[in-house]
Amino acid sequence: MSGVQQFLSHFFITGPFEIGGDVSIGLVSIAILFILTRYKLWGWLWREWLTSVDHKKIGIMYLLAALLMLFRGGVDALMIRTQLAIPGNSFLQAEHYDQIFTTHGTIMILFMAMPFIFAMMNIVVPLQIGARDVAFPYLNAISFWLFFFGAMLLNISFVIGGSPDAGWVNYPPLAELRFSPGPGDNFYLLSIMISGIGSVATGINFLVTILKMRAPGMTLMRMPMFSWAILATCIDIIFAFPALTIALGLEFMDRMFGAHFFTVSGGGNPMMYVNLFWMWGHPEVYIVILPAFGIFSEIVPTFARKKLFGYTAMVTSLLLIAIISYFVWLHHFFTMGAGADVNTFFAIASMFVAIPTGVKVFNWLFTMYRGRIRTTIPMLWFLAFVPNFAIGGATGVMLAAAPADYQYHNSYFLVAHFHQVLIGGVVYGMLAGMYYWWPKMFGILLEEKWAKWGYWFFNIGFYVCFMPQYPLGLMGMTRRMYTYPAGMGWTTLNQISTVGAFIMGLGFIFIVWGIVTSILHPVKDTTGDPWDARTLEWSLPSPAPHYNFARIPQIEGRDAWWAMKQKGLTKLDDSTPIVPIHMPKSSGKPFIMGVLFFVAGFGFVFNWFILAALGMVGVVILLFSRSFEYDTDYYVPVDEVKHTEALYGRS
Amino acid sequence: MAVDAHHAGHAVDHSKPLELSTEEGELKILGFWFFLAQDMILFACLFATYIIMHNHTAGGPTSMQLFDVPGFVAETLILLTSSFTYGLATFEMRRNRLKGMITWMVITALLGMSFVGLEVNEFIHYATTGAMISRSGFLSAFFTLVGTHGAHVTLGIFWMISIMVQLYKKGLNPVTARKAFIVGLYWHFLDIVWVFIFSVVYLPGVMK
């Protein structure tokens, strides 16, 4: 009996926060189950969402997951800031603090930023290039469910087995079995490897979609800038993610099978991991920022009512950033001591990134110059992004100076820098995109009052939170310290920073409240083009019908929809007859595959190899059963298309 | 350009090889090329790890003591031959000869199985002499790199068998031709990876 008790006490983590977590997870689950059963929504959930291969629905599910993860990661952040508010604080113990900054980083990068960009690309790219879906809709659903169940696997670690606590980079030797026994780090490895498979698949999927499925007449150099940004992102995903897979895979071999990749005693070398990790990690930074650049390149011309300044330069700088991103990874650890020559190469390459990035910022500003600017919510987020990213970029160049970096390395100066570019760049960009495309996703407009409150609180809170961290870093405060003594002179700045974090938290609540009130009191977008925008997605009704385009339009130049409107058209050319539309069938297999990967991952986490093997065998069976499935698509009959179009007042 | 326009989405372009004659075939084959690109990076990382770990034997057996020349030469010849026989299967597919195609695929799969058999045998032999994955950094890198390739080949064999069954049941059409073509790409890719394993792992491993 005591054995069972001991097992259970390790399996279910029982601290005050965890029990709080258990209770909230329990309550939310009961509430969801109750609502689904009470309103008989199970069938709807399964048919319309869980089995859907429609890129628009998958995008919405990514968006929902990203916002939930933003909440979870944000709560982690507030706990971190609460702990650091006063010196010698005992709100969190060291072990707990380590777990929380680890899950904060992992969730924000891999389970918030990544699904947010996937949400945007899923929702927008096919509509923008005039396609009816992505190249591989079934694979797209698999990508989503692998991401989803990977994220679940990481999140469940909080209450079952224990969270990882070796930092979001999970460096050995700390992350090796000897120093991190127990399932925590296994959760990290398995959850990221599972969702990583999905990410690579998404990269391949969208690269093929963009290269092969553009509407006739849309040459690459006529393509909207967001789609260009996603093309560059996909190239980065395809060539960067394998390095992460290998870094994590080798650590997995070390932990599971006693291999010696990173253990010095067995002839291994921990710096191997650090190099492999950042060969992915640095391109990853651009994987999340390039889509934000793409979003801004759509928003600025729309709300300045001018075409984008320097289209060719914008494309060139995107691709330059995508390529240079592979030659800068070592700047994350100049202190490895690779020597002056190697450090110089990476320092100069890192500084070089600032040039194409600067080109982009100036081109947005030139686009605004003499434009008729409307300060809508998406535009406000862009305007907040510019100074934010300029400061973040400048401190980035400071960090890239290798000799000086020996001082900044792993200090709060670095923490402030990367939060400035990741929040000021990625999060602002994604929020801007969410506000911009919300009408297209749901057919309703978002209200502006709460959105503005959220905007100002988040923005002011950002500066209050992170500006003090630059001087804190220069004063010697290093990242990941769970507390500090009173006499260091850090107290005031830390207190200011904590206040800022809570102002950001309020901002997030206002943003969510704005969305909730908009849903409760919907204002319908009847035109499909509420912003008077320029690209093809705005030619469709909101939300777009499941087949997107009744007829694939012929493209004659950049800003295709704007050009049509200039010619006096109010909708796409409907003079040609409608033909039956070829669409993929829904399938429950992607969801089941996610579940099976979750089962396998869970088995590996606890070294229950039988469970892991059962999960993997299930995955293989599913793959082969899909291969034998030939009835995977269907035709939407002309009458149904006509009927749907008529509902939107089109023909 | 003769195009069967019976359905806009299922147009068949007879001027192209069968596997590339539909839009779906074209998309999936291009997508698979990108998959191979990422798989190449995956192996590149494993090769880099191996090159660094090669001499990190931690007092355990070295590649010199371990590698058996006739064994890996046999593996190499068998795998290279299997790539050639799959090329013959594709050749038969282009000439629309299903029977010849399946015959060559069976031969390819048999060669693949003998390759995997030899490799498993090699690994077991190493393990019985105490050269396990947990012995040293060198052996960790060796087993992981060569084992990952072997796992790829094993999956490829099962995949190929399932495509043979589908060819047998459905005959040659744009869908089955595309599937067979993609397995072929995968198989040739693994052959190329093996050429690198031969010249980066085994050959320098037995040279002074």
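It should be emphasised that the depicted structure is a prediction, and the values quoted were computed from it without experimental measurement.

Calculation criteria
- Residues numbered from 1 in each chain as written.
- Chains lettered and ligands numbered in written order.
- Predicted model: local features only at pLDDT ≥ 70, side-chain atom pairs only at ≥ 80, totals over all residues.
- Heavy atoms only, no water.
- Helix = DSSP H or I, 4+ residues; strand = E, 2+ residues; numbered from the N terminus.
- Buried < 20%, exposed > 50% of the residue type's maximum accessible area, 1.4 Å probe, protein only.
- Contact = heavy atoms within 4.5 Å.
- Areas by Shrake-Rupley, 256 points an atom, 1.4 Å probe, with all protein chains shown as cover.
- Rg over C-alpha atoms; globule rule 2.2 N^0.38 Å.
- Lys, Arg positive; Asp, Glu negative; His and termini not counted.
- Charge placed at Lys NZ, Arg CZ, Asp CG, Glu CD.
- Axes fitted to C-alpha atoms, helices over the stretch in contact; angles between N-to-C directions.
- Parallel < 35°, antiparallel > 145°, perpendicular 65-115°, else oblique.
- Left-handed = near helix turned anticlockwise from the far one by under 90°.
- Nonpolar A, V, L, I, M, F, W, Y, C, P; charged D, E, K, R; others polar.
- Domains from an automatic or database assignment.
- Buried area = accessible area lost by both parts, 1.4 Å probe.
- Salt bridge = Lys/Arg side-chain N within 4 Å of Asp/Glu carboxyl O.
- Polar contact = N/O pair within 3.5 Å; in protein donor to acceptor, adjacent residues only side chain to side chain.
- Core = buried A, V, L, I, M, F, W, Y, C linked by side-chain atoms within 4.5 Å.
- Patch = residues over 30% accessible without salt bridge, like charges linked within 9 Å, V, L, I, M, F, W, Y side chains within 5 Å.
- Expected span 1.5 Å × (residues − 1).
- Disulfide = S-S within 2.5 Å.
- Pairing = 2+ DSSP bridges.

Overview of the overall build of chain B
The helix and strand inventory of chain B stands at 6 helices and 2 strands. Starting at the N terminus, the α and β elements of chain B follow one another as β-β-α-α-α-α-α-α. Along the first, second and third principal axes, the C-alpha set of chain B runs to 70 × 30 × 25 Å. The burial tally for chain B puts 50% of its 208 residues in the buried class. For chain B, long-range pairs separated by at least 24 residues make up 76% of all intrachain contacts whose partners lie at least 6 apart in sequence. With an accessible surface of roughly 9,200 Å², chain B has 70% of that area assigned to carbon and sulfur atoms.

Brief notes about the overall build of chain A
Assigned secondary structure in chain A consists of 21 helices and 4 strands. Taken over C-alpha atoms, the radius of gyration comes to 25 Å for chain A, in line with the 26 Å a tight globule of 651 residues would show. Structurally, chain A occupies a C-alpha span of about 75 × 60 × 50 Å along its principal axes. Put simply, chain A has 651 residues, and 60% of those count as buried. Put simply, 83% of the contacts in chain A that link residues at least 6 apart link residues at least 24 apart. In chain A, 37 side chains carry a positive charge and 34 a negative one; their mean positions are 10 Å apart.

So, the packing of helix H8 (residues 225-257) of chain A against helix H9 (residues 270-304) of chain A
Residue and element names in this part refer to chain A. Relative to each other, H8 and H9 sit at 160°, their axes nearing to 8 Å. The orientation of H8 with respect to H9, classified from their angle, is roughly antiparallel. Of the two possible hands of crossing, H8 and H9 adopt the one that is left-handed. Of the residues in the contact of H8 with H9, the class split is 25 nonpolar, 3 polar and 4 charged.

Quick notes on the domain arrangement of chain A
The extent of an interface is frequently quoted as the accessible surface area lost upon association of the parts. Residue and element names in this part refer to chain A. With domains assigned, chain A is organised as domain 1 (1-40) and domain 2 (41-587 + 632-647). Averaged C-alpha coordinates put domain 1 and domain 2 at centres separated by 30 Å. Regarding the contact of domain 1 and domain 2, the summed buried area is about 1,200 Å², with carbon and sulfur atoms giving 72% of it. It is Phe17, Glu18 and Leu36 in domain 1 that bury the most area against domain 2; as a group they hold 48% of the surface buried on that side. The interface formed by domain 1 and domain 2 includes 0 salt bridges. For the interface between domain 1 and domain 2, the tally reads 4 residue pairs in polar contact (both at pLDDT 80 or more).

Considerations on the interface of chain B and chain A
Facing the 43 residues of chain B at the interface are 37 residues of chain A. Contact between chain B and chain A buries roughly 3,300 Å² in total, counting both sides, with carbon and sulfur atoms accounting for 75%. Between the two partners, chain B and chain A, sit 1 salt bridge. Notably, a salt bridge pairs Glu26 of chain B with Lys212 of chain A, separated by 2.9 Å at the nearest N-O pair. Contributions of two or more residues to the side of chain B that touches chain A are made by helix H1 (23-53), helix H5 (137-170) and helix H6 (174-206) of chain B. Here the element with the most residues in the side of chain B that touches chain A is H1 of chain B; it accounts for 18 residues. Considered class by class, the residues forming the side of chain B that touches chain A number 21 nonpolar, 15 polar and 7 charged.

Considerations on the nonpolar core
Met120, Trp364, Trp381 and Met434 of chain A together with Phe67, Phe142 and Tyr202 of chain B are the most contacted members of the largest nonpolar core, which has 254 residues in total. By residue number, the principal contributor to this core is H8 of chain A, which donates 21 residues. If we ignore the near neighbours within four places in the chain, the residues touching Met434 of chain A are Leu63, Leu67, Phe116, Met120, Met441 and Ile515 of chain A. The next biggest cluster of nonpolar side chains, apart from the first, holds 13 residues, and it includes Met79, Leu84, Ile100 and Leu472 of chain A.

Topic: a nonpolar patch on the surface
On the surface, Phe628 of chain A together with Val106, Leu110, Met113, Phe158, Ile161 and Val165 of chain B cluster together into a nonpolar patch covering about 580 Å² of accessible area. Along the chain, Val106 of chain B falls in helix H4 (residues 98-128). We classify Val106 of chain B as partly exposed; its relative accessible area is 37%.

Some remarks on helix H4 (residues 55-84) of chain A
Residue and element names in this part refer to chain A. With 30 residues, H4 extends 42 Å from end C-alpha to end C-alpha; this agrees with the ideal 44 Å at 1.5 Å per step. By the criterion of burial, H4 is predominantly enclosed, with 21 of the 30 residues buried. The N-cap residue of H4 is Asp54: its side-chain oxygen and the backbone nitrogen of Lys56 are 2.9 Å apart.

Quick notes on the state of the cysteines
On inspection of all chains with the given rule, the structure shows 0 disulfides over all chains. Cys234 of chain A forms no disulfide, and the closest cysteine sulfur to it belongs to Cys45 of chain B, at a distance of 19 Å. On the accessibility criterion, Cys234 of chain A (0% relative accessible area) is buried.

Some remarks on the pairing of strand E3 (residues 581-584) of chain A
Residue and element names in this part refer to chain A. Residues of E3 alternate between two faces, with Ile581 and Met583 buried on one and His582 and Pro584 left unburied on the opposite face. When E3 meets strand E4 (residues 633-636), the two strands line up antiparallel, connected through 4 bridges. Considered in E4, the bridge of Ile581 is made with Val636.

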